[in-house]
Amino acid sequence: MDRAAIPPERPERSKRRQRRGSRRLTRFLSAAAAAVLGAGALVALGGSTAGAADANLVQNSGFESGLNGWTCSAASGTTVTSPAHGGSSALKATPAGLDNAQCTQTVSVKPDSSYTLSAWVQGSYVYLGASGTGTTDVSTWTPSASGWQQLTTNFKTGPSTTSVTVYTHGWYGQPTYYADDINLTGPGGSDPGDPGDPVPTAPTGLKTGAVTSSSIALSWSTVSGATGYNVYRDGNKVQAVSGTSATVTGLAAATSYQFQVTATNAAGESPKSAAVTGTTSAGSGGGGGAVPKHAVTGYWQNFNNGATVQKISDVQNQYDIIAVAFADATGTPGAVTFNLDSAGLGGYTVDQFKADIKAKQAAGKSVIISIGGQNGTVSINDSASANNFANSVYSLMQQYGFDGLDIDLENGLNATYMTQALRSLSAKAGSKLVITMAPQTIDMQSTSNAYFQTALNIKDILTVVNMQYYNSGSMLGCDGKVYSQGSVDFLTALACIQLEGGLSPSQVGLGLPASTRGAGSGYVAPAVVNNALDCLARGTGCGSFKPARTYPGLRGAMTWSTNWDALAGNAWSNAVGPKVHGLP
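Residues numbered from 1 in each chain as written. Predicted model: local features only at pLDDT ≥ 70, side-chain atom pairs only at ≥ 80, totals over all residues. Heavy atoms only, no water.

### With respect to the overall build of the chain
Our working rule: Only DSSP runs of H or I with at least four residues qualify as helices, and only runs of E with at least two residues qualify as strands; both kinds are numbered from the N terminus onward. Burial here depends on accessible area, computed with a 1.4 Å probe over protein chains only, as a share of the maximum for the residue type. Under 20% is buried, over 50% is exposed, and the range in between is partly exposed. By the convention used here, residues are in contact when the closest approach between their heavy atoms is within 4.5 Å. The accessible surface values rely on the Shrake-Rupley method and a 1.4 Å probe; as for residues, cover is taken only from the protein chains in view.
Within the chain, the secondary structure is distributed over eight helices and 30 strands. Counting only residues that meet the buried cut, the chain has 55% of its 584 residues in that class. In the chain, 74% of the contacts between residues at least 6 apart in sequence involve partners at least 24 apart. With an accessible surface of roughly 21,000 Å², the chain has 49% of that area assigned to carbon and sulfur atoms.

Structural data, given as structure tokens:
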């Protein structure tokens, strides 16, 4: 996902690929100031800019009618008369604990149309954005605005999008922010004066259907005049569908949830239906049949950037999952391919590569293809690209013998369509499919982030999330405190967010560079990694942060890369590998 602030590229990758995540736009937080940055950026999509004659589609955009039309999380918002940018009122919202004081409004729009969103803000780390666009959701932010500052971003709606949610929020641990004159200009989604297009009535007949350990199926009766439906879980919107059924995924085993549904059309959204309760079955989620209970993941470089050049057969025995870095994008939206860098790897042939994969698999290892990197920018933002992605990855699995894939996209992802793509691939590949993910720290700070949403959506087929605890800055731990990278506390307090946020311990791994040359920042000695593993699995070796409970099922650890590890004399895998394999 494009970011508003672009730090220097990582130095250690070759010209062809500067480094894993070289274009990854690192989020940082200043621990000294407790200035925690969020995932915001200006993203301008294709299409014409909204015209000057277009009306503002936001209701009560200047907050002259209090919070009418707006919803603020955790009662974080109110209105004040000073400061105000225009008129006599403005929004005042205050983050607290793990709430970022987000205020939202759903606005009717037209499909395939361009829009401009703007607002005037004051405060530290104030964000403005739009979600549910049907293309790429956008946001922009300012790190500091002592006076009124205007934020502006643009987006284009998808072919079936009839409403979007505009929002503003602050950031965790930051003081109060102010917002005023929030404008969304572009074609209006409905004619409010047309009596023939009323808001639909609330759906009836909501009931639960098939359940698994991580999903519950729902169905309801058709509502006259509705063009779509929103599904709510425990009061929070989790899906938007066009039909009268949905399956809510990413749920915890043996857990009860309350569901409601609303009907939508161009005129607005109906009241919520009567609630029903559904309970998931017992069991543990997770895919990847051949992966051991505790596993070490290592990225293998399909290029020469100064690290030790390896064949797959050279990869150290401590690695249980070998992620081949990387697949390449194609001219077809969503589709990927793989090109072995034979010249850069000393004449390594495709036949040798395939044979080495088979040999590793015979030794109990999994070899997967990683989607990402400099040449792997892939956009999956509709059903067609999701199908192209699933079909092309499955084709690579058949061609080369890969056991699955790793999601390491640098340009962000759409949780809805990435979920669709991965479920489609799972249906083709079966229960032994290995799916790993390697998000940045900022991507896993909240379950509302797209990476975290995707992980929860595919919990029943997900193998492990190896978050990158490097090239980061200070981040919030699950206790609401700010921690700096390079410490045991940074690893354990951030892992706790995933462990308590819905992932199974078997789906959580610690991702670290194998040497100081493997990343721009964040390297820690293998002993620090091992202390963090002991802290999470056994409750020993902790720093100042000690989790409330232990997670003996923790999957393990990951490193970038097997090549940098080899150059450093295999110091990382020789130390961390036995620790992981010896976890309870």
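Resuming the write-up.
### Observations regarding the state of the cysteines
Filter applied, for reference: Only a pair of cysteine sulfur atoms within 2.5 Å qualifies as a disulfide here.
Scanning the entire structure with this criterion turns up three disulfides. In this model, Cys72 is linked to Cys103 through a disulfide, with the two sulfur atoms separated by 2.1 Å. Looking down the S-S bond of the Cys72 and Cys103 bridge, the torsion is 110 degrees, so its handedness is right-handed. Of the two residues, Cys72 sits in strand β3 (residues 71–72) while Cys103 sits in strand β6 (residues 103–108), which places them 31 residues apart along the sequence. Take Cys72 and Cys103: they sit in the same class, and that class is buried. Linked covalently through their sulfurs, Cys535 and Cys542 form a disulfide whose S-S length is 2.0 Å. Because the torsion about its S-S bond is 100 degrees, the bridge between Cys535 and Cys542 counts as right-handed. For Cys535, a relative accessible area of 0% corresponds to the buried category. Here Cys542 falls in the partly exposed class, since its relative accessible area comes to 24%. For the chain, the disulfide bridges join cysteines in the arrangement 1-2, 3-4, 5-6, where the cysteines are counted in sequence order.

### Quick look at the environment of Thr176
What counts here: Whenever a nitrogen or oxygen atom comes within 3.5 Å of another N or O atom, the pair is scored as a polar contact, on the condition that within protein one atom can donate a hydrogen and the other can accept it, and that pairs from neighbouring residues in sequence are kept only if both atoms are in side chains.
Note that Thr176 resides in the loop between β9 (163–169) and β10 (177–185). The exposure class assigned to Thr176 is partly exposed, which follows from its relative accessible area of 22%. Separated by 99 residues in sequence, Thr176 and Gly77 have C-alpha atoms that sit 9.6 Å apart. A polar contact is formed between the side chain of Thr176 and the side chain of Thr94, at a distance of 2.7 Å.

### What about the confidence of the model for the chain?
How we decide: Along the chain, pLDDT gives the predictor's confidence residue by residue, from 0 to 100.
Across the chain, pLDDT averages 86, with 86% of residues at or above 70. Across residues 1–53, confidence stays below pLDDT 50; counting only partners more than four residues off in sequence or on other chains, it has 192 contacts. In the model, residues 191–196 has pLDDT below 50 throughout and makes zero contacts with residues more than four positions away in sequence or in other chains.

### Concerning the sheet that holds strand β24 (residues 404–408)
Cut-off, in case you're wondering: Strand pairing is assigned whenever DSSP identifies at least 2 bridges connecting the two strands. For every element, the axis is a line fit to its C-alpha atoms; helices are fit only across the contacting stretch, and the angle between N-to-C directions ranges from 0 to 180 degrees.
Spatial ordering of the closed barrel is given by β19-β20-β23-β24-β25-β26-β29-β30, a layout of eight strands whose pairing is parallel. Along the sheet, successive strands turn relative to each other by an average axial angle of 25 degrees, direction set aside. As judged from the four bridges shared by strand β26 (residues 464–468) and strand β29 (residues 508–513), these two strands associate in the parallel manner. In the sheet register, Gln468 faces β29, and the bridge partner there is Gly511.

### Observations regarding helix α6 (residues 526–538)
Count 3.6 residues to each turn of an α-helix, and residues three or four apart come out pointing the same way. Applicable threshold: Expected span of a helix: the number of residues minus one, times 1.5 Å.
Its 13 residues place the ends of α6 17 Å apart at the C-alpha level, agreeing with the 18 Å of an ideal helix rising 1.5 Å per residue. Looking at the packing, one finds that the buried side of α6 touches α5 (488–500), β29, β30 (556–560) and α8 (571–581). Gly539 sits one or two positions beyond α6 and adopts a positive phi of about 85 degrees.

### Some details on the packing of aromatic side chains
Basically, it comes down to this: The pairing test for Phe, Tyr and Trp rings, Trp by its six-membered ring, is centres within 6.5 Å, and the orientation test on the planes gives stacked under 30 degrees, edge-to-face over 60, and tilted for anything in between. Two thresholds decide whether a charge sits over a ring: the Lys NZ or Arg CZ must be within 6 Å of the ring centre and within 35 degrees of the ring normal.
Considering all chains together, one arrives at 21 aromatic pairs under this definition. For the pair Trp300 and Tyr348, a centre-to-centre distance of 6.3 Å together with 70 degrees between the ring planes defines the contact as edge-to-face. One end of the pair, Trp300, is in strand β19 (residues 295–301); the other, Tyr348, is in the loop between β22 (336–337) and α1 (350–362), and 48 residues separate them in sequence. Judged by relative accessible area, which is 0%, Tyr348 ranks as buried. Put simply, the rings of Trp300, Phe338, Tyr348, Phe353, Tyr400 and Phe402 touch in pairs and so form one group of aromatic residues. It is Lys272 that lies over the ring of Tyr232; its NZ or CZ is 4.3 Å from the centre. When the ring centre of Tyr400 is taken as origin, the NZ or CZ atom of Lys354, which lies over that ring, is 5.7 Å away.

### Here's the deal with the pattern of salt bridges
Close approach of charged atoms lets side chains of opposite charge pair. Put simply, the rule reads: In the sections that follow, a salt bridge refers to a side-chain nitrogen of Lys or Arg positioned within 4 Å of a carboxyl oxygen of Asp or Glu.
Applying the stated criterion across every chain yields a total of five salt bridges. A salt bridge links Asp320 to Lys365; the shortest N-O distance between them is 3.9 Å. One end of the pair, Asp320, is in the loop between β19 and β20 (321–325); the other, Lys365, is in the loop between α1 and β23 (366–372), with 45 residues separating them in the sequence. Here Asp320 matches Lys365 in class, with each residue buried. Residue Arg549 is joined to Glu500 by a salt bridge in which the shortest nitrogen-to-oxygen separation is 2.9 Å. Pair noted here: Arg549 is in the loop between α6 and β30 and Glu500 is in helix α5, with a separation of 49 residues, a long-range link. Residue Arg549 is classed as partly exposed on the basis of its relative accessible area of 45%.

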